[in-house]
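Residue-level structure breakdown
The chain contents come next:
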Amino acid sequence: MHDDSRELLDRTAAHAAEFLAGLDARPVAPAGSLTELREALGRSLPEEGTDDVRVVDELVRDTAEGLLASAGGRFFGWVIGGGVPAALAADWLTATWDQNAAMHACGPALAVVEEVTGAWLKQLLGLPEEASFAFTTGAQSAHVTALAAARHALLAERGWDVERRGLTGAPPLRVLTSGEQHASIDRAVRLLGLGTDQLQAVGTDAEGRIDLPALDRALAESDDPTVVCLQAGEINTGAFDPFEEACSLAAARRAWVHVDGAFGLWAVVSDRHRHLLSGVGAADSWTTDAHKWLNVPFDSGLAFVRHPSAHREAMSIRASYLVHAAEESGTPPARDQLDWTPEWSRRARAVPVYAAIRALGRRGIAEMIDRCVDHAHRLVTGIGDLPGAEVLARPLINQGLVRFRARTETTTPAPTRSSRESNEKARPGSAEPPGRASEPCASRW
Ligand SMILES: *Cc1c(COP(=O)(O)O)cnc(C)c1O
């Protein structure tokens, strides 16, 4: 390596270490105003180049007042994690190696890392071994990936090739939700050309879970191809839908079940919280994030699909200039990542996930989840004990809700559970774990 590059990287590593070391002491909120940040960073377009070391030093200096200390242990807003050290280090290497993780041919080692990590994740998350997977930018793009597979399968079953013919003239495809789905489901439905008018809210029970009798009625109402979107950890209430029951209702009507488990799916790794996910493996597709509860640096989402051929049909692409992995007999073929993701050129984002899983192990991940849940309970209880405070919802996992009464206030009704217009901050929680029940969904694709 050129001496200058080494100096630059050593210096950058020192800046990074200093930032991390300061996280426990610095204010969590950024100090700089928008105007100050624009003044600090807003130079005119440079005509001439600047020395690398100076670029990095000044980047550190000029962003310092505008960074949120969300990677530290004193940040409690939203479901935003920090970085497991090994994952951060592996992320640096990923950028250093700069492999294009579109295809095996562009970086065989990292294609294999992805293959191995996908298999580990299925084991960790209790998902079917035969499921296919994709490493996406986040749960949003994982929804698009998984629901594209659902769209393919449901329409192919009705003789409609959606990849070729598009949606014009296709059988209408409806998407049933509790009505409390994360807005990323709405956007996935928009991006896939289904349109948000096709979203049908069936309602929730008192605990914020999808209402089973209402789901059953909605399923019976129409023979249109149907996706049921369930959630593992609703962002405002933390509610987990009753997966076993909902999956068997959906299976009886040949509907596809998709589970948004952006953070909640990880609870399955913990012995204490696994019961919340009872039956989740019976669904057809799942999304989660590695950048949330696994604490891998952004951006790192995951999609899993029980029916690999539907997933592949929806995503894969062929081009004459590419060197596609050969189908060899005897050994499983190499995995070309672009057959499973909506992206072409991409970062090898499985690498930090691989490192995080190795560094923590299954036990370390379970301990991290239990610790986080315990902290959430302590925080909610502790704040609830303060004068004027009131606990509205104790955490089911990592979210709770506390409110402070105004001095003059006597009793006021609890806030409604209207999550759709709210942000992702903690809101009312549910208490009861979903029950356990019967048969997994039938596998058809
Ligand atoms: C964060 C979140 C999403 C969106 O995930 P991104 O990784 O930000 O795309 C979807 N669903 C739920 C429940 C979430 O918490």
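This structure is a prediction, so every number in the text was calculated from the model and none was measured.

Cut-off values and rules
- Residues numbered from 1 in each chain as written.
- Predicted model: local features only at pLDDT ≥ 70, side-chain atom pairs only at ≥ 80, totals over all residues.
- Heavy atoms only, no water.
- Phe/Tyr/Trp six-rings, centres within 6.5 Å; stacked < 30°, edge-to-face > 60°.
- Helix = DSSP H or I, 4+ residues; strand = E, 2+ residues; numbered from the N terminus.
- Buried < 20%, exposed > 50% of the residue type's maximum accessible area, 1.4 Å probe, protein only.
- Lys NZ or Arg CZ within 6 Å of the ring centre and 35° of its normal.
- 1 Å grid on protein atoms, 1.4 Å probe; cavity = no way out; pocket = protein on both sides within 12 Å on 5 of 7 lines; lining within 4 Å.
- Points joined across faces, edges and corners; volume = space filled by probe spheres on them.
- Nonpolar A, V, L, I, M, F, W, Y, C, P; charged D, E, K, R; others polar.
- Domains from an automatic or database assignment.
- Axes fitted to C-alpha atoms, helices over the stretch in contact; angles between N-to-C directions.
- Parallel < 35°, antiparallel > 145°, perpendicular 65-115°, else oblique.
- Contact = heavy atoms within 4.5 Å.
- pLDDT = per-residue confidence, 0-100.
- Arc of directions from axis to C-beta.
- Near = heavy atom within 4 Å.
- Polar contact = N/O pair within 3.5 Å; in protein donor to acceptor, adjacent residues only side chain to side chain.
- Areas by Shrake-Rupley, 256 points an atom, 1.4 Å probe, with all protein chains shown as cover.
- Salt bridge = Lys/Arg side-chain N within 4 Å of Asp/Glu carboxyl O.

**Topic: the packing of aromatic side chains**
Describing an aromatic ring pair means giving the distance of the ring centres and the angle of the ring planes. What the rule picks out here adds up to two aromatic pairs. Ring geometry for Trp120 and Tyr354: centres 4.9 Å apart, planes at 15 degrees, overall stacked. Remark: Tyr354 occurs in helix 12 (residues 350-384) and Trp120 occurs in helix 5 (residues 108-124); sequence separation between them is 234 residues. Note on Phe133 and Phe135: the rings are 5.9 Å apart at their centroids and 90 degrees apart in plane angle, and the pair reads as edge-to-face. Each member of the pair Phe133 and Phe135 is classed as buried. When the ring centre of Trp160 is taken as origin, the NZ or CZ atom of Arg165, which lies over that ring, is 3.8 Å away.

**Let's talk about the layout of surface pockets**
Summary: where empty space remains is shown by rolling a probe the size of a single water molecule over the atoms. A volume near 1,200 Å³ is recorded for the largest pocket. Counting residues per element, the lining of the largest pocket draws most heavily on helix 12, at nine residues. Residue classes in the lining of the largest pocket are distributed as 18 nonpolar, twelve polar and five charged. Per-domain counts for the lining of the largest pocket show at least three residues from each of domain 2 (90-359) and domain 3 (366-444).

**So, the packing of helix 6 (residues 139-157) against helix 11 (residues 308-315)**
Close contact between helix 6 and helix 11 brings their axes to 8 Å; oriented N to C, the two are set at 105 degrees. Classified by the angle between their axes, helix 6 and helix 11 sit roughly perpendicular to one another. Each of Val144, Thr145, Ala148, Ala149, His152 and Ala153 in helix 6 lies in contact with helix 11, whose residues at this interface are Ala310, His311, Glu313, Ala314 and Met315. Here the contact of helix 6 with helix 11 is composed, by residue class, of seven nonpolar, three polar and one charged.

**Description of the confidence of the model for the chain**
Residues shown with low pLDDT carry predicted positions that ought not to be read at fine detail. With 90% of its residues at a pLDDT of 70 or more, the chain has an overall mean of 89. Taken as a whole, residues 415-445 scores under 50 in pLDDT and shows 97 contacts with residues more than four places along the chain or in a different chain.

**A word on helix 10 (residues 243-252)**
Within the sequence span of helix 10, burial applies to Phe243, Glu244, Ala246, Cys247 and Ala250. Each buried residue of helix 10 sits inside an arc of 165 degrees when the element is viewed along its axis, so together they form one side. For helix 10, the elements touching its buried residues are helix 9 (212-221), strand 4 (226-231) and strand 5 (256-260). Arg254 occupies a position one or two residues after helix 10 and carries a positive phi of about 55 degrees.

**A word on the site of the ligand**
Taken together, the neighbourhood of the ligand is formed by 13 residues, with Gln140, Asp260, Asp289, His291 and Lys292 sitting nearest. Measuring from an oxygen atom of the ligand, one finds a side-chain N or O atom of His291 at 2.8 Å. With the chains in place, 87% of the 380 Å² that the ligand exposes on its own is no longer accessible.

**What about unusual backbone geometry?**
Glycine aside, residues mostly have negative phi, and peptide bonds are mostly found in the trans state. With an omega dihedral of -5 degrees, the bond running from Phe298 to Asp299 counts as a cis peptide bond. Looking at the secondary structure, you find Asp299 in the loop between strand 6 (285-289) and strand 7 (301-305). For Arg254, which is not a glycine, the phi torsion comes out positive at approximately 55 degrees. For Arg254, the position within the fold is in the loop between helix 10 and strand 5. Of note in the backbone geometry, Asn295 takes a positive phi value of approximately 60 degrees without being a glycine.

**Re the pattern of salt bridges**
All chains considered together, the criterion is met by 23 salt bridges. The closest approach of N and O atoms between Arg347 and Asp91, which form a salt bridge, is 2.9 Å. Here Arg347 is found in the loop between helix 11 and helix 12, whereas its partner Asp91 is found in helix 4 (residues 85-97), with 256 residues between them in sequence. The class of Arg347 is partly exposed, set by a relative accessible area of 31%. A residue is classified by how much of its surface remains accessible, and Asp91, at 12% relative accessible area, is buried. When salt bridges with common partners are traced through the structure, they connect Glu114, Asp299, Arg335, Glu343, Arg346 and Arg349 into a single cluster.

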